[in-house]
Amino acid sequence: MLKLLHRHVLKEILVSTGLAMFLFVFVLLLGNVIREIAGLVAAGKLGFMVFLKLVGLLIPYVASYALPLGMLTGTLMALGRLSSQREITAMKSVGVSLYRLASPVFLIAFIGMVAAVLINLQFAPRAVVLRKQIMASAVSDNPVGFIEEKRFISEFPGYIIYLGGRDGKVMKDFWIWELDEQQRVHLFVRAAEGELQYNPGDSSLVLVLKNGTAEQRSSKNPEDFGSEPPDSVFFEQTSIALPLDQLFGESKKRRTRVSEMTFSQLMQARDVALQEEAETGESMSKQRMKVQMHLQENLAMAFSVFSLSIFGVPLAIQVGRKETYANLAIALVIALSYYFLMIMVSWLENYRGMRPDLLVWLPNIIFQGIALYLFQRANRH
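All values reported here derive from a predicted model rather than from experimental measurement. (Residues numbered from 1 in each chain as written. Predicted model: local features only at pLDDT ≥ 70, side-chain atom pairs only at ≥ 80, totals over all residues. Heavy atoms only, no water.)

A. Looking closely at the overall build of the protein chain. Each helix and strand in the protein chain was counted, giving 12 helices and 5 strands. Considering the protein chain as a whole, with its 381 residues, one finds that 44% of them fall into the buried category. A fraction of 68% describes how many contacts in the protein chain between residues 6 or more apart in sequence connect residues 24 or more apart. Accessible surface computed for the protein chain: about 20,600 Å², of which carbon and sulfur atoms make up 60%. (Helix = DSSP H or I, 4+ residues; strand = E, 2+ residues; numbered from the N terminus. Buried < 20%, exposed > 50% of the residue type's maximum accessible area, 1.4 Å probe, protein only. Contact = heavy atoms within 4.5 Å. Areas by Shrake-Rupley, 256 points an atom, 1.4 Å probe, with all protein chains shown as cover.)

Here it is in structure tokens:
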């Protein structure tokens, strides 16, 4: 009889979780596509096949958030429906404990947790890097087309560009801000008109500007206009060459960001930081904390698939709601509470003495503690 009950519960969980996962992946994917890609496609700057590749590469990123949400919602929907129809009460009346009843949930949650680890520390970082490479290649193929009118363009690292309008190939009211390493403006150029050309010889954008001014600010403190005012130069025509390898970070000297590292790269970065600490005598460097924080956050987020799932078991039985919208609302409130706790811990990253890389596990501990209490309470009734 137990095998029959387990198959019944397992089927309910799989169907509900699958539907919830599809819903959250679709919603999160749609939001990211609209924010990052849709505008470029609508403007004719990305081909259809490139668009499909970019959408596919967004799936691992959104799946890292959809997995815990989908498991929690699926558990609430399946067990909530069984509880509202008194099937849970009938199972408990024949001696089936809540722990044995929930064993299919534990199994699916464990599989989901392992999948989340692989996604967070392997597939998602690689997808992010590949997505940036495809975008950079698309821009390199049509750099002029990516300069949109009446929009501040900040996709080019180190620069902010604004174009007031066009008259054929001639650009009107052209602005460009060049930023330093601290993202402060140290050079500002404004021209009445200009042309943007692509030089395939050295893979650079050449800006030919006419009738404008260039404002050079202090290299030490660009934001201090009082003690050292900026130098202004008027020009009739000038050219600015912007190498694409610098604009899109394709230089061989570019260091991989921590957020784009796979598990093996994170461990290598951690070993390098430990070696530097041994040479300098520092107990916990900023770089090692950043690496460990990112690693532990990804592991904790993966483990949240299990934590939120077991939290949802006794909650679904006690609430006993079969309505989909009610379970979605409950799941969103619980998930937002979990993510808010994670964000609060991330605020402590600069306080290395408090070990935020370990405190990042606190939300999982809290939710599992509450889940254990609710389990014991629900099992007695």
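There is more to say, and it comes next.
B. Structural context of a nonpolar patch on the surface. A cluster of nonpolar side chains, namely Phe22, Leu23, Phe26, Val27, Leu30 and Ile34, defines an oily patch on the protein surface of about 610 Å² accessible area. Along the chain, Phe22 turns up in helix α1 (residues 2-36). By relative accessible area, which is 63% here, Phe22 ends up exposed. (Patch = residues over 30% accessible without salt bridge, like charges linked within 9 Å, V, L, I, M, F, W, Y side chains within 5 Å. Salt bridge = Lys/Arg side-chain N within 4 Å of Asp/Glu carboxyl O.)

C. Here's a closer look at the packing of helix α8 (residues 263-280) against helix α9 (residues 286-319). Relative orientation of the contacting elements α8 and α9 amounts to 150°, with a least axis distance of 9 Å. The orientation of α8 with respect to α9, classified from their angle, is roughly antiparallel. When you trace α8 past α9, the crossing you get is left-handed. Where α8 approaches α9, its residues Phe263, Leu266, Met267, Ala269, Arg270, Ala273, Leu274 and Glu277 are matched on the opposing element by Arg288, Val291, Gln292, His294 and Leu295. For the contact of α8 with α9, the per-class residue count stands at 8 nonpolar, 2 polar and 3 charged. (Axes fitted to C-alpha atoms, helices over the stretch in contact; angles between N-to-C directions. Parallel < 35°, antiparallel > 145°, perpendicular 65-115°, else oblique. Left-handed = near helix turned anticlockwise from the far one by under 90°. Nonpolar A, V, L, I, M, F, W, Y, C, P; charged D, E, K, R; others polar.)

D. Molecular detail of the pattern of salt bridges. The full count for this structure, using the stated rule, is 6 salt bridges. Linking Arg190 and Asp173 is a salt bridge whose minimum nitrogen-to-oxygen distance equals 3.3 Å. Of this pair, Arg190 sits in strand β3 (residues 185-199) while Asp173 is found in strand β2 (residues 170-179), placing the two residues 17 residues apart along the sequence. Given the relative accessible area of 36%, Arg190 is considered partly exposed.

E. How the structure looks around the packing of aromatic side chains. Inspection of the entire model under this criterion finds 17 aromatic pairs. Geometrically, the ring pair formed by Tyr65 and Tyr339 is edge-to-face, given 6.2 Å between the ring centres and 70° between the ring planes. Placement of Tyr65 in helix α3 (residues 48-84) and of Tyr339 in helix α10 (residues 324-346) is noted, with a sequence separation of 274 residues between them. A residue is classified by how much of its surface remains accessible, and Tyr65, at 34% relative accessible area, is partly exposed. A connected cluster of aromatic rings, assembled from ring pairs, spans Tyr61, Tyr65, Phe311, Tyr338, Tyr339 and Phe367. (Phe/Tyr/Trp six-rings, centres within 6.5 Å; stacked < 30°, edge-to-face > 60°.)

F. Local environment of the layout of surface pockets. Taken as a whole, the second largest pocket holds about 720 Å³ of empty space. Surrounding the second largest pocket, 27 residues form its lining, Tyr61, Tyr65, His294, Glu297 and Asn298 being those nearest its centre. Grouping the amino acids of the lining of the second largest pocket by side-chain chemistry returns 11 nonpolar, 7 polar and 9 charged. (1 Å grid on protein atoms, 1.4 Å probe; cavity = no way out; pocket = protein on both sides within 12 Å on 5 of 7 lines; lining within 4 Å. Points joined across faces, edges and corners; volume = space filled by probe spheres on them.)

G. The side chain of Ser307, seen in detail. With respect to the helices, strands and loops of the structure, Ser307 is situated in helix α9. Within the structure, Ser307 has its side chain in polar contact with the side chain of Asn364 (distance 2.8 Å). Excluding its chain neighbours within four sequence positions, the residues that come into contact with Ser307 are Asn364 and Gln368. (Polar contact = N/O pair within 3.5 Å; in protein donor to acceptor, adjacent residues only side chain to side chain.)

H. The arrangement of the side chain of Glu277 in detail. Tracing the sequence through the fold places Glu277 in helix α8. Assessed through its relative accessible area of 5%, Glu277 is described here as buried.

I. Molecular detail of the nonpolar core. Core analysis: the largest hydrophobic core is formed by 69 residues, its most contacted members being Leu79, Val313 and Tyr338. Mapped onto this core, the elements with two or more residues apiece are α1, α3, α4 (87-93), α5 (98-101), α6 (103-141), α9, α10 and α12 (362-380). The element that contributes the greatest number of residues to this core is α3, accounting for 16 residues. Contacts of Val313, omitting those with residues within four sequence positions, involve Thr75, Leu79, Leu98, Ala102, Val105 and Phe375. If you look at the next biggest cluster of nonpolar residues, it comprises 16 residues, including Ile161, Ala191, Leu205 and Leu207. (Core = buried A, V, L, I, M, F, W, Y, C linked by side-chain atoms within 4.5 Å.)

J. View of empty space enclosed by the protein. Counted under the stated rule, the structure contains 1 cavity of 30 Å³ or more. Contributions of two or more residues to the lining of the largest cavity are made by β2 and β3. The biggest single contributor to the lining of the largest cavity is β3, with 3 residues. Residue classes in the lining of the largest cavity are distributed as 6 nonpolar, no polar and 1 charged.

K. The arrangement of α3 in detail. Taking 1.5 Å of rise per residue, the 37 residues of α3 would be expected to cover 54 Å, yet its terminal C-alpha atoms sit only 47 Å apart, more than 12% below that figure. Within α3, 26 of the 37 residues are buried, leaving the element largely enclosed by the surrounding structure. (Expected span 1.5 Å × (residues − 1).)

L. Examining unusual backbone geometry more closely. Its identity is not glycine, yet Asp173 carries a phi of approximately 55°, on the positive side. Not every positive phi belongs to a glycine, and Arg355 is a case in point at roughly 50°. Mapped onto the elements of the fold, Arg355 is located in the loop between α10 and α11 (356-359).

M. Representation of the environment of Arg7 within the structure. Along the polypeptide, Arg7 turns up in helix α1. By relative accessible area, Arg7 is classed as exposed at 52%. Separated by 97 residues in sequence, Arg7 and Pro104 place their C-alpha atoms 8.1 Å apart.

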